[in-house]
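A closer look at the structure
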Amino acid sequence: MDKSRSHGATPAPSTEVSREIAASPTTLWSIVTDQARFSAWMEGDIAFEPRPDSPFRAEFPNHHIVIGGEIRSVDPDARRLELTWGIESGPQADDYPAGSSLVEIRVRPEGTGSRVYLRHTGLPSKEAARQQEGGWRFQLSRLDLVANRIDLGAGLERTLPRWVAAWNATDPEERIGILGRICDRNVEFRDDWTAIRGVDPLNAHIGNCHRYMPGYSLEHTGDIRICRGEALAGWRATGPGGKPMEGLNHIRAEPDGTIRRVTGFRTT
């Protein structure tokens, strides 16, 4: 019996959660409607097609559980997805069978990012609702991580090469033009030599670096690591002084790659 469609005097237990997500609505919608991205989000093997009546199946081998159901509705304009949900095999399969509850996911723009609303109805008990609330809060936190990595990764691909170009530019007008396009106007920069805020002070600081360390140039090294709006990027400065200087930049940025804060660590 599909409990999500049952009617009775006492509504079945349910839970609702929401979370602000540091990513665009477009990115979030692509995650919840693409089986590869959905699988990466939930760290499982998930199969479905984004159309009504498509079977939905999610295998989680590490937890010895399989979720089964079907896609109920897909509304791209409203960014709203409904699917039935229950345990096909694993603990509590008898009490909470495949397709016996209904999950609704809605994506809305909010601020510079989004908010995701999730409603899970038709649950078998209050205890199940409590467990699902905790589980969905965890999964929305994971969704924030995965979606932000997608958007911020693309954003930093745009801004970090320009950040390096600004540091290598000797002309102050060229530098301020670059910095103004990629940084928040109150950008913060900190390293062993300075702690400043604002595009103009940063421009002046870079100019002083060229004045007192002529001939040096900067490059990024290695892969960029991203976690919830923050990134680590290796850097190397080479010049006539002999051995290159190397280190890490800890970067705080908006999902579109706009740089808000950089803290530079020297490792050599």
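What you are looking at is a predicted structure, and each value in this text was computed from that prediction instead of being measured.

As a further point, take the sheet that holds strand β12 (residues 245–253). Within a sheet, adjacent strands bond to each other through the backbone by hydrogen bonds, running parallel or antiparallel. The mixed open sheet is built from six strands, whose spatial order is β9-β8-β13-β12-β11-β10. Among the strands making up the open sheet, the edge pair consists of β9 (195–197) and β10 (217–227). Here the strands of the sheet are splayed against their neighbours by 20° on average, with no regard to which way each runs. Note: β12 against strand β13 (residues 259–266), seven bridges, orientation antiparallel. Looking across to β13, one finds that N249 is bridged to G264. Most of the contacts of helix α3 (residues 126–168) go to β10, to which it runs at about 170°, and overall it touches β8 (183–190), β10, β11 (230–238), β12 and β13.

Along the chain, D34 turns up in the loop between α1 (25–32) and α2 (35–42). Of the residues examined, D34 reaches a relative accessible area of 33% and is grouped as partly exposed.

All right, on to the confidence of the model for the protein chain then. For the protein chain, the mean per-residue pLDDT works out to 95, and 97% of the residues sit at or above 70. Confidence drops under pLDDT 50 across residues 1–6; counting only partners more than four residues distant or on other chains, this segment forms 18 contacts.

So, on to the sheet that holds strand β1 (residues 15–21). Spatial ordering of the open sheet is given by β1-β7-β6-β5-β4-β3-β2, a layout of seven strands whose pairing is antiparallel. Of all the strands in the sheet, just β1 and β2 (45–47) have a single pairing partner and so form its edges. For this sheet, the mean inter-axis angle between neighbouring strands, taken without regard to orientation, is 20°. Relative to strand β7 (residues 113–121), strand β6 (residues 101–110) is paired through nine bridges, and the arrangement is antiparallel.

The terminal C-alpha atoms of α3 lie 61 Å apart, and with 43 residues this matches the ideal 63 Å at 1.5 Å per residue to within 8%. Along its length, α3 reaches its greatest deviation from straightness, about 35°, at E157, and the proline P161 lies no more than four positions downstream.

One pass over the structure, following the stated rule, counts 20 salt bridges. For E188, the salt bridge is made with R197, and the minimal N-O distance between the two is 3.4 Å. On the accessibility criterion, E188 (17% relative accessible area) is buried. Since its relative accessible area comes to 54%, R197 is described here as exposed. One salt-bridge network, in which partners are shared between bridges, spans R80, E82, E104 and R106.

The next subject is a nonpolar patch on the surface. Taken together, the side chains of L232, L248 and F265 make up a nonpolar region of the molecular surface, amounting to roughly 250 Å² of accessible area. In this fold, L248 is placed in strand β12. Accessibility expressed as a relative area gives 35% for L248, which makes it partly exposed.

Following the sequence through the fold, R79 ends up in the loop between β4 (65–75) and β5 (80–89). Classification of R79 as partly exposed rests on a relative accessible area of 24%. Spatially, the C-alpha atom of R79 lies 8.2 Å from that of P25, the residues being 54 residues apart in sequence. Apart from residues lying up to four places away in sequence, R79 is in contact with P25, T26, W29, I105, R106, V107 and R108.

Attention now moves to the packing of aromatic side chains. Both the distance between ring centres and the angle between the ring planes are used here to describe each pair of aromatic rings. Enumeration over the complete set of coordinates arrives at nine aromatic pairs. Plain terms: the ring middles of W167 and F189 are 5.2 Å apart, the flat faces sit at 50° to each other, and that makes the pair tilted. Remark: F189 occurs in strand β8 and W167 occurs in helix α3; sequence separation between them is 22 residues. For the pair shown, W167 and F189 are each scored as buried. Clustering of aromatic rings is evident, with ring pairs tying together F38, W41, F48, F56, W85 and W136.

Further remarks concern the state of the cysteines. In total, this model carries zero disulfides according to the counting rule given. The closest cysteine sulfur to the non-disulfide-bonded C183 is located on C209, 15 Å from its own sulfur.

This part covers the nonpolar core. By size, the foremost hydrophobic cluster in this structure holds 36 residues, and its most contacted members are W41, M42, I46, F56, I67, W85 and V116. Considering every element that reaches this core, the biggest residue donor is α3, with six residues. Aside from chain neighbours lying at most four places away, what touches W41 is I31, V32, I105, Q139, R142, L143 and V146. Listed in part, the 28 residues of the second largest apolar core include L179, L218, A231 and A253.

Quick notes on the rules
- Residues numbered from 1 in each chain as written.
- Predicted model: local features only at pLDDT ≥ 70, side-chain atom pairs only at ≥ 80, totals over all residues.
- Heavy atoms only, no water.
- Pairing = 2+ DSSP bridges.
- Helix = DSSP H or I, 4+ residues; strand = E, 2+ residues; numbered from the N terminus.
- Axes fitted to C-alpha atoms, helices over the stretch in contact; angles between N-to-C directions.
- Contact = heavy atoms within 4.5 Å.
- Buried < 20%, exposed > 50% of the residue type's maximum accessible area, 1.4 Å probe, protein only.
- pLDDT = per-residue confidence, 0-100.
- Expected span 1.5 Å × (residues − 1).
- Bend = angle between axes of the 7 residues up to and from the residue.
- Salt bridge = Lys/Arg side-chain N within 4 Å of Asp/Glu carboxyl O.
- Patch = residues over 30% accessible without salt bridge, like charges linked within 9 Å, V, L, I, M, F, W, Y side chains within 5 Å.
- Areas by Shrake-Rupley, 256 points an atom, 1.4 Å probe, with all protein chains shown as cover.
- Phe/Tyr/Trp six-rings, centres within 6.5 Å; stacked < 30°, edge-to-face > 60°.
- Disulfide = S-S within 2.5 Å.
- Core = buried A, V, L, I, M, F, W, Y, C linked by side-chain atoms within 4.5 Å.

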